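# Observations on the three-dimensional arrangement
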Amino acid sequence: MTAQSSSRAAFRTAVVPAAGLGTRFLPTTKAVPKELLPVVDTPGIEIVAAEAAQAGARRLLIVTSPGKESVAEYFRSDAELEKTLEARGKEALLEKVRRAPGLLEVDSVYQYEAKGLGHAVAQAGPALADDEEAIAVLLPDDLVLPAGVLERMSEVRNRFGGSVLCAFDIPREQISAYGVFDVSDTDDDDVKQVHGMVEKPAAADAPSTFAAAGRYLLDRAIFDALDRITPGAGGELQLTDAVALLISEGHPVHVVVHRGGRHDLGNPGGFVRAYVDFALQNPEYGDDLRTWLEDRLKG
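Residues numbered from 1 in each chain as written. Predicted model: local features only at pLDDT ≥ 70, side-chain atom pairs only at ≥ 80, totals over all residues. Heavy atoms only, no water.

## Section: the environment of D287
Our working rule: What counts as a helix is a DSSP run of H or I of at least four residues, what counts as a strand is a run of E of at least two, and both are numbered from the N terminus. Classification of residues uses two cut-offs on accessible area relative to the type maximum, computed with a 1.4 Å probe and protein chains only: under 20% is buried, over 50% is exposed, and between them is partly exposed.
Along the chain, D287 turns up in helix 11 (residues 286–298). Using a relative accessible area of 57% as the deciding quantity, one classes D287 as exposed. As for D287 and R59, which are separated by 228 residues in sequence, their C-alpha atoms are 37 Å apart.

## Examining helix 8 (residues 221–228)
Basically, it comes down to this: By construction, the arc corresponds to the directions joining the helix axis to the C-beta atoms. Any two residues having at least one pair of non-hydrogen atoms within 4.5 Å are treated as being in contact.
Inspection of helix 8 places I222, F223, A225 and L226 among the buried residues, and these make up the whole buried set. The arc that holds every buried residue of helix 8, seen down its axis, measures 160°, which confines them to one face. In this structure, the buried side of helix 8 is in contact with helix 6 (117–122), strand 6 (134–138), strand 11 (210–219) and helix 9 (239–248).

## Considerations on the packing of aromatic side chains
Formally: Aromatic rings from Phe, Tyr and Trp, with only the six-membered ring used for Trp, were paired whenever their centres fell within 6.5 Å, and each pair was classed as stacked if the ring planes differed by under 30 degrees, edge-to-face if by over 60, and tilted otherwise.
For the coordinates displayed, the defined rule picks out 4 aromatic pairs. Ring plane angle 85° and centroid distance 5.4 Å describe the contact between Y74 and F75, whose orientation is recorded as edge-to-face. Taking the centre distance of 5.5 Å and the plane angle of 25° together, the rings of Y110 and Y112 count as stacked. Among the aromatic side chains, those forming a connected cluster through ring pairs are F25, F271 and Y275.

## Things to note about the nonpolar core
Operational definition: Side-chain atoms within 4.5 Å are what join buried Ala, Val, Leu, Ile, Met, Phe, Trp, Tyr and Cys residues into a set we call a nonpolar core.
Judged by nonpolar contacts, the single largest core of 48 residues is most densely connected at F11, A14, L60, I62, F75, L138 and M153. It is helix 2 (residues 44–54) that provides the largest number of residues to this core, a total of 5 residues. The residues contacting F75, other than those within four sequence positions of it, are I45, E46, A49, L60, I62, A100, P101 and V106. Counting residues in each nonpolar core, the second largest holds 34 residues, with A124, L128, F210 and L237 among its members.

## Considering the pairing of strand 12 (residues 253–257)
Cut-off, in case you're wondering: Only when DSSP finds a minimum of two bridges between them are two strands counted as paired.
Burial within strand 12 is extensive, with 5 of its 5 residues counted as buried. Covered by surrounding structure in strand 12 are V253, V255 and V257 together with H254 and V256, the residues of both alternating faces. Two elements, strand 8 (residues 163–169) and strand 12, share 5 bridges in a ladder whose sense is parallel. Its bridge partner lying in strand 12, A167 is registered against V257. Sheet topology places strand 10 (residues 191–199) next to strand 12; 3 bridges connect them, and they run antiparallel. Paired with K192 across the strands is V255, a residue of strand 12.

## Examining the packing of helix 10 (residues 268–280) against helix 11
To keep it simple, the criterion reads: Only the stretch in contact is used when fitting a helix axis, every axis being a line fitted to C-alpha atoms; angles between N-to-C directions are given from 0 to 180 degrees. The cut-offs work like this: below 35 degrees is roughly parallel, past 145 is roughly antiparallel, 65 to 115 is roughly perpendicular, and the gaps in between are oblique.
Where helix 10 contacts helix 11, the two axes come as close as 7 Å, and the packing angle between them is 125°. Classified by the angle their axes make, helix 10 and helix 11 are oblique. Along the contact surface, helix 10 presents V276, A279 and L280, while helix 11 presents G286, L289, R290 and L293.

## Looking at the UniProt feature "domain: Nucleotidyl transferase" (unreviewed entry) in the protein
How we decide: UniProt positions are given in the numbering used here, feature names are shortened, and annotations may be inferred rather than shown by experiment.
The positions that UniProt labels "domain: Nucleotidyl transferase" (unreviewed entry) are, in the present scheme, residues 14–275. Along residues 14–275 one finds 29% helix and 27% strand; the C-alpha atoms at either end are 24 Å apart.

## Some details on unusual backbone geometry
In this model, L26 is joined to P27 through a cis peptide bond whose omega is 10°. Residue position: P27 is located in the loop between strand 1 (13–17) and strand 2 (38–39). With an omega of -10°, the peptide bond between L145 and P146 qualifies as cis. Mapped onto the fold, P146 is located in the loop between strand 7 (142–145) and helix 7 (149–160). Even without being glycine, V40 reaches a positive phi, approximately 65°. Positionally, V40 belongs in the loop between strand 2 and strand 3 (42–43). Positive phi, close to 50°, is recorded for K200, a residue that is not glycine. The topology assignment puts K200 in the loop between strand 10 and strand 11.

## Description of the confidence of the model for the protein
The criterion, for reference: Looking at any residue, its pLDDT shows the predictor's confidence there, from 0 to 100.
Summing up the model confidence of the protein, the mean pLDDT is 94 and the portion of residues at 70 or higher is 97%. Predicted confidence for residues 1–7 stays below pLDDT 50, and this span has 11 contacts to residues more than four positions away or in other chains.

## Points about the side chain of T64
Among the secondary structure elements, T64 is positioned in strand 4 (residues 59–64). A relative accessible area of 3% places T64 in the buried class. Excluding residues that lie within four positions of it along the chain, T64 makes contacts with A18, A19, S108, V109, Y110 and Q111.

## Structural notes on the packing of helix 8 against helix 9
The criterion, for reference: Residues were grouped as follows: Ala, Val, Leu, Ile, Met, Phe, Trp, Tyr, Cys and Pro as nonpolar; Asp, Glu, Lys and Arg as charged; and all remaining residues, including Gly, as polar.
Look at helix 8 against helix 9: their axes get within 9 Å of each other, and the N-to-C directions meet at 110°. One way to sum up the angle between helix 8 and helix 9 is to call them roughly perpendicular. On the side of helix 8, the interface is formed by A221, I222, A225, L226 and R228, while helix 9 contributes L239, A242, V243, L245 and L246. Classifying every residue of the contact of helix 8 with helix 9 gives 9 nonpolar, no polar and 1 charged.

Right, dumping it as structure tokens:
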């Protein structure tokens, strides 16, 4: 992390909700947390942590559940393993092993009951320093590519204040699968002011084509709002309900429209696409995989 990136950041702590059971990956997730499943050779949570560090985060706060301590442990140094790799001259592997512990400070808090994303984020409140005015929240199932949207979101918060979310511009015929923002324009085509949000509307009823992605830069006021909302869909505390409450009280909320891509690691189909995409870009495996895929698809 450079001094320049730290000075730009509107936050110090990045919160990663990782308390879920990973039911769509059972039976694997009986023993291995979903967040540690490798995208080629790097767990998704390390990719997300690297994104947070690039944007200026100094600390990663993992919201976990009992039995998933290995997620935070992944970011701890392993002196014996490092010593063995060094003795064997495995410099490239040594660099990989040291990469995650060197990204940023990592702490964890527990979510003992599965009460929704809003409840998970609320667990981070007591762990913040008194002078922290905002937090970033990164959903580890969402890989937002290329990295950099959090830095743009920091710039928007520095300009407008309040909270800033990430959005993708989705074809209207696909919009009913998403949470959709009700927005108005600013003087920047990729920055919109948010007036509300609709969950999974019919295409004809959608207030826009801007859909929520798994990146949030939230003013500390979110914790007070989370204390005041009641359970919503599925009997859970919804983060979007807390954001909606802030909007109704005049709190400024904007979205940054990200023009890149994304992968959903939350289901096996999306995970496979991410794995293949990253593998094709890998200098060690990419060429052979591309050739094999081309031959395989001819069959």
